[in-house]
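An overview of the molecular structure
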Amino acid sequence: MVPGFVRHALRHLLPKATGDRLREFVIARYYAPGMVLRIGVVEYWWGRVWRNRPRLHRLVVHVTDHCNLDCKGCSHFSNIAEPAFADPEQLDREFARLAELMEITEIYLLGGEPLLHPRVAEFARSARRHFPRSKIILLTNGILLPRMGPEFWRALGESRITLMYDDYPIRLQTDLIRERAAEHDVGVELMEHDNEFLKVPIDLEGSQDGADSFARCRTVMNCPTLRDGRLYPCAYIAYIDLFTKRFGIEGLEATDLDSISIFEAGDPYRIMAFLLKPVPWCCHCDFDSAEHYAWGRSACTIDEWTVPPHGGVAPSREASNARG
Ligand SMILES: C[S@@+](CC[C@H](N)C(=O)[O-])C[C@H]1O[C@@H](n2cnc3c(N)ncnc32)[C@H](O)[C@@H]1O
């Protein structure tokens, strides 16, 4: 971990763009070797030859799409999502299928805000039933934690779920939260943002080099996301319909080529291979214009995800078609 005073000094000394590039490099090199695979090439191919189940590093799952906190530029579009609740029975079937196909090191139950789901405890129990050896994390903004009842805490404790909450600059009853967690033997972790969020602008015209975007995304947004029985490379693509619907944009939708069905793909190594490669939609991520900004409340305007002057202008049909 780079000490805080070094980070702060560099932030002041270096031009912003250089600082952002340096940070991207340090994170890629030392902190985040990708969210899909974290085993060596030899181990991967050995497993493939012997038909062992592959090991996915991280999986992200929405419990709700909407949230009770409007973070500016949310990368899951939760601040502009209509209320939407995952179906516990459906997700249970999807977890069962995934468990047949692969091992998963870390599973994040999030959203949206997962605590808005009245049956949130069931997701925790279901994930643990199917993945007895995974680290399972419930990621929340923490606002509703003091109001959660005994079944919630029991489910987290009995299912060995890690409770993670963000260090947003909002008032949280952290002493009470930690007390309740300790009573039920629930491990607690903090998601540290240092008051910073990341904007990777969406290029509405799709004029970016998708392979380059994907390579740079590996340490940033690339995080296998399960939605309705399909795996997407990231939440941006999985939930882009929330963005297009809100702003009335055409031609930006994800197609079947941007995700893979966990029920139709018989060979789990096909799924892993899919997740390790760029998808057509990657041409919409503009990493050259990516920037960090101070966490804040959303005004729900399109420029939270786009770069002017394109913000608000729908792409032409030709540009959409050129995307392939
Ligand atoms: C979409 S939130 C959902 C879970 C929960 N509502 C919360 O706030 O933690 C999941 C994670 O994504 C992070 N996140 C969302 N948009 C982001 C952005 N633009 N930059 C950095 N982190 C972001 C959140 O801070 C949180 O840690």
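None of these values were measured; they are calculated from a predicted model.

Next up on the list: the overall build of the protein chain. For the protein chain, the count of helices and strands is 12 helices and 10 strands. With 324 residues in all, the protein chain has 51% of them scored as buried. Looking at the protein chain as shown, the accessible area adds up to about 15,700 Å², and 54% of this sits on carbon and sulfur atoms.

Now for the pairing of strand β2 (residues 103-110). In terms of burial, β2 is a largely internal element, 7 of the 8 residues being buried. Sheet analysis places strand β1 (residues 55-62) next to β2, joined by 7 bridges and oriented parallel. Paired with Arg55 across the bridge in β2 is Glu103. Strand direction decides the pairing type here: β2 and strand β3 (residues 135-140), joined by 4 bridges, are parallel.

This paragraph deals with the site of the ligand. The environment of the ligand is formed by 19 residues, the closest being Ser75, Gly112, Asp166, Tyr168 and Leu198. The separation between a nitrogen atom of the ligand and a polar side-chain atom of Glu113 is 3.1 Å. In the model, a nitrogen atom of the ligand is placed 2.9 Å from a nitrogen or oxygen of the Leu198 main chain. Coverage of the ligand by the protein amounts to 90% of the 540 Å² it exposes when considered alone. A breakdown of the residues in the shell around the ligand according to their chemical character gives 9 nonpolar, 8 polar and 2 charged.

Turning our attention to the environment of Asp212. Mapped onto the elements of the fold, Asp212 is located in helix α8 (residues 210-217). Overall, Asp212 belongs to the partly exposed group, its relative accessible area being 36%.

The next thing to look at is the packing of helix α3 (residues 41-49) against helix α11 (residues 268-275). Two numbers describe how α3 lies on α11: the axes approach to 11 Å, and their chain directions differ by 150 degrees. By the criterion of interaxial angle, the relationship of α3 to α11 is roughly antiparallel. Relative to α11, α3 is oriented so that their crossing is left-handed. Counting all contacts with α3, which are made through Tyr44, Gly47 and Arg48, the residues of α11 involved are Tyr269, Met272 and Ala273. Residue composition of the contact of α3 with α11, grouped by class: 4 nonpolar, 1 polar and 1 charged.

This paragraph deals with the confidence of the model for the protein chain. When pLDDT is averaged across the protein chain, the result is 90; 90% of the residues are at 70 or more. Counting contacts from residues 310-324, a segment whose pLDDT is below 50, to residues more than four positions away or on other chains yields 23 contacts.

What follows covers the nonpolar core. Among the nonpolar cores identified, the biggest contains 84 residues, and Leu59, Phe77, Leu109, Ile202 and Phe243 are the most heavily contacted of them. If you look at the next biggest cluster of nonpolar residues, it comprises 8 residues, including Met35, Ile137, Met164 and Cys223.

Attention shifts here to empty space enclosed by the protein. The rolling of a water-molecule-sized probe over the atoms marks out the regions of remaining empty space. The tally for this structure, following the rule as stated, stands at 1 cavity of 30 Å³ or more. Its volume calculated, the largest cavity comes out at about 90 Å³. Lining the largest cavity are Ser213, Phe214, Cys217, Met221, Asn222, Pro233, Cys234, Ile237, Trp281, Cys282, Cys285 and Phe287.

Right, let's talk about the layout of surface pockets for a bit. One number sums up the size of the second largest pocket: a volume of about 260 Å³. Surrounding the second largest pocket, 15 residues form its lining, His62, Ala86, Asp87, Arg227 and Asp228 being those nearest its centre. When residues of the lining of the second largest pocket are traced back to their parent elements, those giving at least two are β1, α4 (88-101) and β7 (225-227). Broken down by element, the residue count for the lining of the second largest pocket peaks at 3 residues, all from α4. By residue class, the composition of the lining of the second largest pocket is 7 nonpolar, 3 polar and 5 charged.

Overall, mixed pairing links the 8 strands, which are arranged β5-β4-β3-β2-β1-β7-β8-β9 in an open sheet. Of all strands in the sheet, those bounded by a partner on one side alone are β5 (188-191) and β9 (260-261). Contacts between helix α7 (residues 174-183) and the sheet are confined to β4 (161-166) and β5, with β4 contributing the most and set at about 175 degrees to the helix.

A cis geometry characterises the amide bond from Gly111 onward to Gly112, with omega recorded as 15 degrees. Tracing the backbone shows Gly112 in the loop between β2 and α5 (120-130). With phi around 50 degrees, Arg160 is a residue other than glycine that occupies positive phi space. Within the secondary structure layout, Arg160 lies in the loop between α6 (150-158) and β4.

A few words now on the side chain of Thr64. By the secondary structure assignment, Thr64 is in the loop between β1 and α4. Thr64 gets classed as buried once you look at its relative accessible area, which sits at 1%. Side-chain polar atoms of Thr64 contact the backbone oxygen of His66, separated by 3.0 Å. Ignoring anything within four residues of it in the chain, the contact list for Thr64 reads Ala84, Phe85, Leu110, Gly111, Gly112, Glu113, Pro114, Leu116 and His117.

Conventions and cut-offs
- Throughout this document, residue positions are counted from 1 along each chain, in the order its sequence is written.
- Note on the predicted model: pLDDT of at least 70 is required for a residue's local features to be given, and 80 or more for side-chain atom pairs to be given and counted; whole-chain, interface and lining totals, by contrast, use all residues.
- Heavy atoms from the whole structure form the basis of all side-chain values; hydrogens and water molecules are not counted.
- The numbering of helices and of strands both runs from the N terminus, where a helix is a DSSP run of H or I of at least 4 residues and a strand a run of E of at least 2.
- Burial here depends on accessible area, computed with a 1.4 Å probe over protein chains only, as a share of the maximum for the residue type. Under 20% is buried, over 50% is exposed, and the range in between is partly exposed.
- In this description, accessible areas are obtained by the Shrake-Rupley approach with a 1.4 Å probe, and a residue is regarded as covered only by the protein chains that are shown.
- Paired strands, in this sense, are two strands between which DSSP finds at least two bridges.
- We call a residue near a given molecule or strand whenever any one of its heavy atoms falls within 4 Å of it.
- Counting of polar contacts relies on pairs of N or O atoms within 3.5 Å, with two restrictions inside protein: one atom must be capable of donating a hydrogen and the other of accepting it, and residues adjacent in sequence are counted only when both atoms are side-chain atoms.
- The residue classification treats Ala, Val, Leu, Ile, Met, Phe, Trp, Tyr, Cys and Pro as nonpolar and Asp, Glu, Lys and Arg as charged. All others, Gly included, are polar.
- Inter-axis angles, ranging from 0 to 180 degrees, are taken between N-to-C directions of lines fitted to C-alpha atoms, where helices are fitted over the stretch in contact.
- Orientation categories follow fixed angle ranges, with anything under 35 degrees roughly parallel, anything over 145 roughly antiparallel, 65 to 115 roughly perpendicular, and all other angles oblique.
- A crossing counts as left-handed when the near helix is turned anticlockwise from the far one by less than a right angle, and as right-handed when that turn is clockwise.
- The contact rule is simple, with two residues in contact once any of their heavy atoms fall within 4.5 Å.
- As a per-residue measure, pLDDT reflects the predictor's confidence and takes values from 0 up to 100.
- To form a nonpolar core, buried Ala, Val, Leu, Ile, Met, Phe, Trp, Tyr and Cys residues must be joined to one another through side-chain atoms within 4.5 Å.
- Any residue with an atom within 4 Å of a point lines the site, the site being either a cavity, points on a 1 Å grid over the protein atoms alone where a 1.4 Å probe fits but cannot get out, or a pocket, an open set with protein on both sides within 12 Å along at least 5 of 7 lines.
- Grid points are joined across faces, edges and corners, and a volume is the space filled by probe spheres set on the points.

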